[in-house]
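Analysis of the macromolecular model
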Amino acid sequence: MASVSSSSHLNKTVRQQYMSLPQGQKCQVTYIWIDGTGETLRNKTRTLDTEPQSIEEIPEWNFDGSSTYQAEGSNSDMYLIPVCMFRDPFNLDPNKLVLCEVLKYNRLPAETNHRASCNKVMEKVKEHHIWFGMEQEYTLLGTDGHPFSWPPNGFPAPQGPYYCGVGANSAYGRDIVECHYKACLYAGIKICGTNAEVMPSQWEYQVGPCEGIEMGDHLWVSRFLLHRVCEDFGVVATLDPKPMKGNWNGTGCHTNVSTKEMREEGGLQYIEKAIDKLGKKHPEHIRVYDPHEGKDNIRRLTGLHETSSIHDFSAGVANRGASIRIPRQVGQEKKGYFEDRRPAANCDPYAVTKAIAITCLLEEEKGAK
């Protein structure tokens, strides 16, 4: 048996007795934010007198930044600024989940608040109507850190039967995947699909298309929902880019990109121009495609297991071993989108989408001035 948390064994029937109690006109609002690691999410809940109808009705709040790697104890108050509201799939309507930006005591963005600068870039390029779709891969682990449903003292059969697999010997943890999918749909996340991945206990879901800043907002809240669903089942979802050494696939967050020009007739020329620009900025992008300036991704981008080498830039039609893949349909129709396969599973989507928007849409404008 996989190692699961003690909390998951608590009596859920007793819990439901309390969860079904009426709450009058009151509304529970759960504030969600990114902590000082740039990878981990935190949350806390407060009561509002009535259900908020818009994000403007959610008040600012604060928290102790010295306990989240974001401040010194002597000056620890940090501000939570609500930016995006969703329905709460755990406490149900009328309760809400609210994603927040974090500001320091002087009301400047915290070091891991990449949303603030990303939003400024997305405003500058809004006439291009840039769309993103991100493919979030993750691996399910027991609380002991061992992959969920793997033999306790060994390994499962080699990769081959697991990708999009079905059956108890191929798909590990599907209950978690299905519950997460439903939770995202209920919340209002723009989730568009899911599938089992190449390594056993490894899964993927896709969010998008989202325009501009919406991509980061929806992906971060979808991650929060994933961790909360896993908490209920007593297991852990890791976004580590290479959770298992050896002949096992790593874990990425492939990012699909298109602009209005790319989606129109003859758009392939704009796709090719963007890819050329990305190639010239390869090292700069690698540094923002994981939270540790490429140190996580170097374990994943080896040139093996459907990846390109972290040291080289490449592009090709239908090539999953390239840095940038142009889907075969796009090559045939001469319009559509491209896929940047370099971002790691634990990337910050604000940092990734900001870098892509700057390189593809703003570098040329700077050069023309």
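Keep in mind that what you see is a predicted model, and the values were worked out from it rather than measured.

1. Re the overall build of the chain
The number of helices and strands found in the chain is nine helices and 13 strands. For the chain, whose C-alpha radius of gyration is 21 Å, the value lies close to the compact-globule estimate of 21 Å for 369 residues. With respect to the three principal axes, the spread of C-alpha positions in the chain is 60 × 55 × 40 Å. Among the 369 residues that make up the chain, the fraction classed as buried is 51%.

2. Quick word on the state of the cysteines
Tallying each qualifying case throughout the model produces zero disulfides. Unpaired in this structure, C84 has its nearest cysteine sulfur neighbour in C210, at a distance of 9.6 Å. Looking at the unpaired C210, the closest cysteine sulfur is the one in C192, lying at 8.3 Å.

3. Quick look at empty space enclosed by the protein
Inspection of the entire model under this criterion finds two cavities of 30 Å³ or more. When its volume is computed, the largest cavity comes out at roughly 90 Å³. Looking at the largest cavity, the residues that line it are I34, Q70, L99, C100, E101, V102, A110, T112, N113, R115 and Y350. Broken down by element, the residue count for the lining of the largest cavity peaks at four residues, all from strand β5 (residues 96-103). A per-class count over the lining of the largest cavity returns six nonpolar, three polar and two charged. In this model, the second largest cavity occupies a volume close to 30 Å³.

4. A few points about the layout of surface pockets
The space that makes up the largest pocket amounts to roughly 500 Å³. Elements with a minimum of two residues in the lining of the largest pocket: α1 (12-19), α3 (174-187) and α4 (214-233). With five residues, α1 is the largest single contributor of residues to the lining of the largest pocket. For the lining of the largest pocket, the residue count by class is 11 nonpolar, five polar and five charged. Taken together, domain 1 (20-112) and domain 2 (122-362) each give at least three residues to the lining of the largest pocket, which thus spans both.

5. Here we look at unusual backbone geometry
Backbone geometry follows two general trends: most residues other than glycine have a negative phi, and most peptide bonds adopt the trans configuration. Note the cis peptide between D93 and P94, where omega equals 10 degrees. Looking at the element boundaries, P94 is found in the loop between β4 (77-87) and β5. Look at the link from G208 to P209: it is a cis peptide, with omega at -5 degrees. The topology assignment puts P209 in strand β8 (residues 202-211). Although it is not a glycine, S149 adopts a positive phi angle of roughly 75 degrees. Looking at where S149 falls in the secondary structure, it is placed in the loop between β6 (131-141) and α3. Residue S149 is classed as partly exposed on the basis of its relative accessible area of 36%.

6. A word on the domain arrangement of the chain
Along its sequence, the chain is organised into domain 1 (20-112) and domain 2 (122-362). On a C-alpha basis, the centres of domain 1 and domain 2 stand 26 Å from each other. Across the contact, 18 residues belong to domain 1 and 20 residues belong to domain 2. Taken over both partners, the interface formed by domain 1 and domain 2 buries close to 1,700 Å², and the fraction arising from carbon and sulfur atoms is 73%. When residues of domain 1 are sorted by the area they lose upon contact with domain 2, E39, F86 and F90 head the list and together hold 36% of the total. Put simply, domain 1 and domain 2 have zero salt bridges between them. Seen at the junction of domain 1 and domain 2, the total is four residue pairs in polar contact (both at pLDDT 80 or more). For the side of domain 1 that touches domain 2, the secondary structure elements donating two or more residues are β1 (27-34), β2 (41-48), β4 and β5. Within the side of domain 1 that touches domain 2, the residues separate by chemical class into 10 nonpolar, four polar and four charged.

Conventions we followed
Along each chain, numbering runs from 1 in the same order as the chain's sequence is written. Per-residue local features of the predicted model are confined to residues with pLDDT of at least 70, and side-chain atom pairs are confined, for both listing and counting, to 80 or more; whole-chain, interface and lining totals are unaffected and use all residues. Note that water and hydrogens are dropped before the side-chain values are worked out from all heavy atoms of the structure. We count a stretch as a helix when DSSP gives it H or I for four or more residues in a row; a strand needs E for two or more, and each element gets its number in order from the N terminus. Radius of gyration: over C-alpha atoms. The globule rule applied is 2.2 Å multiplied by the number of residues raised to the 0.38 power. Only protein chains enter the area calculation, which uses a 1.4 Å probe; residues under 20% of their type maximum are buried, those over 50% are exposed, and those in between are partly exposed. Count a disulfide wherever a pair of cysteine sulfur atoms falls within 2.5 Å. Site definitions follow a grid-based scheme: protein atoms alone, a 1 Å grid, a 1.4 Å probe that fits but cannot get out for cavities, and for pockets an open set with protein on both sides within 12 Å along at least five of seven lines, plus lining residues having an atom within 4 Å of a point. Grid points are joined across faces, edges and corners, and a volume is the space filled by probe spheres set on the points. The residue classification treats Ala, Val, Leu, Ile, Met, Phe, Trp, Tyr, Cys and Pro as nonpolar and Asp, Glu, Lys and Arg as charged. All others, Gly included, are polar. The split into domains, and so the bounds of each, comes from an automatic or database assignment of domains. For this analysis, residues touch if any pair of their heavy atoms sits within 4.5 Å. When two parts are brought into contact, each loses some accessible area as probed by a 1.4 Å sphere; the total of that loss over both is the buried area. The rule for a salt bridge is simple: a side-chain nitrogen of Lys or Arg has to be within 4 Å of a carboxyl oxygen of Asp or Glu. Throughout this description, a polar contact denotes any pair of N or O atoms lying within 3.5 Å of each other; where both atoms belong to protein, one of them has to be capable of donating a hydrogen while the other can accept it, and for residues adjacent in sequence the pair is counted only when both atoms sit in side chains.

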